[in-house]
Amino acid sequence: MTDIVGGTAARQKRIRRAGLQAFLITMSVIWVLPLVWAVYTSFRPYAETAKYGYVSFAGIYNLDNYVNSFNQGELPKYFFNTVVILVPAVILVLFLASMMAFTVSRYSWRFNLILLMVFSGANLLPPQVIITPLYRIFLALPMIAPLSDNGLLYDQYVGITIIHVAFQMGFCTFVLSNYMKTIPRALNEAAVMDGASVWKTYWSVILPLTRPALAALATLQVTWIYNDFFWALVLMKTGAKYPITSALNNLQGEFFTNNNLIAAGSILVAIPTLVVFFALQKQFVSGLTLGSTKE
Amino acid sequence: MTDRVARSGNATPPASAGGVASSRPAPRKKRYSLLSRRDKVTLWLMAGIPTLIVGVFILLPTAASIVLSFTSWNGIGGFGAIKFIGLKNYTDLVNVYQPFFPALTHNLIWLVFFLLIATPLGMFFAVLLDKNIRGTRVYQSALYMPVVLSLAIVGFIWQLIYAPEQGLINNLLGRTDQGNQISWLGDPSLNLWAILVAASWRQVGYVMVLYLAGLKSFDPGLREAASIDGASEVQTFFRVVFPVMRPINIVILVITVIESLRAFDLAFITNKGLNGLELLSTLVTNNIIGETSRIGFGSAIAVVLLVISVGPIIFYLFRALREENE
């Protein structure tokens with residue numbers, strides 16, 4: 001695309017480029033502004049902003065809001081709840097979806113297509129479509145003791161884990177089966193010739209080759225499940241068991257009584273996802289795009 | 001793929017047809033049918049367990065929503081207390097339940113706003129960032145950053161901007177006094193637009209990431225050919241790039257529609273989805289977790305949401321399917 005015409009054309013192009021840069025810089029600044037504003041507010045004690053106003057560069061800056069929101073809001077408790085729900089959910093959904101993807105992509109049988117469709121369709125539904133009966137199912141289905149302290153799925157970590165697994169299954173299966181289709185079928189046949197069982201073919205031949213897709217999906221799922229606000233809201237009644245994202249709403253008003261505390265609390269809760277943003281951006285983006293394009 | 005569909009009929013275990021093993025005369029050449037009994041059981045379990053989970057926790061509730069929508073049930077007295085009342089929930093929804101039409105309208109506004117503003121803006125950014133200009137990675141990161149945040153956090157971050165006394169906008173405008181402050185999130189004629197801006201903050205980045213990935217796989221030769229033919233950049237985009245990007249355009253269209261129907265978190269966090277922020281999703285939720293648990297009536301609203309969502313979902317799945325067959 002090098003310009004050979006030179007002269008005015010080249011100058012015009014330079015001006016256009018400069019304009020483009022200016023536009024993109026402006027938009028980028030606008031885009032990060034809300035977060036920067038939250039960070040800035042979070043470092044200012046409430047007394048200072050009350051004295052000088054929120055839009056001011058004055059007074060002292062410290063970490064008091066972080067300490068206060070962390071302790072008063074009992075954030076560690078809610079972070080712990082999230083971990084208890086999230087870790088098994090991500091492992092389970094990837095494990096189950098990879099098995100499902102393995103069977104539909106490596107073996108031809110007559111329900112492949114319809115199952116894939118149903119799975120993907122289920123994942124696209126708004127959660128509110130299923131929530132009313134789901135709430136009743138959670139109250140009706142028994143759950144064994146160590147996983148549930150009331151004998152039900154309702155109001156339990158395990159219930160929230162299960163609904164995440166069920167709801168994310170479609171997307172993960174869809175992505176993984178697309179990925180597995182690109183692995184040469186001959187590998188299956190070679191494994192079978194060597195006398196490997198179906199399980200062994202899955203576990204030691206196909207799954208290791210699926211690792212990049214699994215890594216991308218894991219990043220995406222961790223972020224999505226961490227970010228979920230809805231399920232616990234309806235399927236749990238004990239506020240103390242809420243995962244962190246759902247708990248935020250109760251914290252506001254109760255403990256986060258001013259914008260400075262809200263800002264610090266929000267940043268604290270956003271930190272894990274911001275870590276994903278800075279450290280695992282490539283994984284996250286490739287997870288997103290694996291689902292939409294088929295490269 | 002096609003012959004599998006053609007042959008589909010009654011229930012058959014996964015291992016019995018085509019592919020690696022075939023116990024019946026298959027149209028394709030017969031391969032080594034080495035699948036042992038144990039292998040077949042393994043395959044059954046590998047497909048069966050995930051299917052069971054999706055069946056019990058997603059498909060069953062979907063079907064149950066439809067059935068329950070024809071009943072009057074407040075959740076008390078077990079399943080025996082379920083009484084069928086025909087279409088009464090639906091007629092009540094239309095004739096009696098006041099928040100219904102506002103909610104429907106707000107969902108529609110949400111969709112139109114996304115379709116006309118957020119999504120095109122995301123695509124526009126993607127096209128600009130695809131030009132390999134200096135600093136493109138930095139711009140990309142800035143625009144994409146909100147995508148990793150939860151909508152709950154997005155709601156809180158924008159509260160810092162919209163709050164009446166402590167918020168950024170009113171402070172900049174000098175309108176923080178009780179008398180003259182603008183209630184961005186409280187005024188029912190403003191709050192929907194305010195949270196749409198917050199929602200778009202995230203949606204734009206989402207669309208940008210997806211579209212950019214599509215553009216990267218675009219054949220640069222085509223664009224060069226167009227520019228040699230004297231097409232301007234705008235012409236090249238609309239006449240060459242956009243049509244070739246059809247599959248990803250459809251993905252983005254479907255995502256935009258689905259995201260608009262799923263809109264919930266921001267409205268619920270702002271004011272529980274009341275007073276100007278009614279959405280179908282918040283109505284369903286408020287009918288279960290409110291003081292009055294109206295299972296039948298809530299299900300009817302959920303079915304309306306389902307009926308609206310099914311169209312785009314099926315459209316998308318058929319597209320994805322056809323691509324697969326090609």
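Residues numbered from 1 in each chain as written. Chains lettered and ligands numbered in written order. Predicted model: local features only at pLDDT ≥ 70, side-chain atom pairs only at ≥ 80, totals over all residues.

**Focus: the overall build of chain A**
When its secondary structure is counted, chain A shows 14 helices and zero strands. Starting at the N terminus, the α and β elements of chain A follow one another as α-α-α-α-α-α-α-α-α-α-α-α-α-α. Taking 19 Å as the expected radius of gyration for a compact globule of 295 residues, we find that chain A reaches 25 Å, considerably beyond that expectation. If you line up chain A on its principal axes, its C-alpha atoms span 75 × 75 × 35 Å. (Helix = DSSP H or I, 4+ residues; strand = E, 2+ residues; numbered from the N terminus. Rg over C-alpha atoms; globule rule 2.2 N^0.38 Å.)

**Quick word on the confidence of the model for chain B**
In low-pLDDT regions, the fine details of the predicted coordinates are not to be read closely. Residues and elements named next belong to chain B. Confidence along chain B averages 83 in pLDDT terms, with 87% of residues attaining 70 or more. The least confident element of chain B, judged by mean pLDDT, is helix α1 (residues 2-7) at 33; the most confident is helix α4 (residues 100-129) at 95. Scored below 50 in pLDDT, residues 1-32 makes 57 contacts in the model with residues more than four places away or belonging to other chains. Reported confidences for the modelled complex are a pTM of 0.88 and an ipTM of 0.89. (pLDDT = per-residue confidence, 0-100. Contact = placed C-beta atoms within 7 Å.)

**Examining the packing of helix α6 (residues 151-162) of chain B against helix α8 (residues 191-216) of chain B**
Residues and elements named next belong to chain B. Where α6 meets α8, the closest approach of the two axes is 10 Å, and the angle between their N-to-C directions is 130°. Between α6 and α8, the interaxial angle falls into the category oblique. The hand of the α6/α8 crossing is right-handed. Across the interface between the two elements, V154, G155, W158 and Y162 from α6 touch A194, A198, W201 and R202 from α8. Split into classes, the residues belonging to the contact of α6 with α8 amount to six nonpolar, one polar and one charged. (Axes fitted to C-alpha atoms, helices over the stretch in contact; angles between N-to-C directions. Parallel < 35°, antiparallel > 145°, perpendicular 65-115°, else oblique. Left-handed = near helix turned anticlockwise from the far one by under 90°. Nonpolar A, V, L, I, M, F, W, Y, C, P; charged D, E, K, R; others polar.)

**What to know about the interface of chain A and chain B**
Facing 85 residues of chain A, the contacting portion of chain B comprises 88 residues. No other element matches the 12 residues that helix α1 (residues 7-42) of chain A contributes to the side of chain A that touches chain B. In the side of chain A that touches chain B, the residues fall into 55 nonpolar, 26 polar and four charged.

**Details of the packing of helix α13 (residues 259-279) of chain A against α6 of chain B**
Packing of α13 of chain A against α6 of chain B leaves a shortest axis separation of 10 Å and a crossing angle of 150°. Between α13 of chain A and α6 of chain B, the angle falls in the class roughly antiparallel. Along this stretch, α13 of chain A crosses α6 of chain B, giving a crossing that reads as left-handed. Side by side, α13 of chain A and α6 of chain B meet where N259, I262, A263, S266, V269 and A270 of chain A of the first sit next to I153, F156, I157, Q159 and L160 of chain B of the second.

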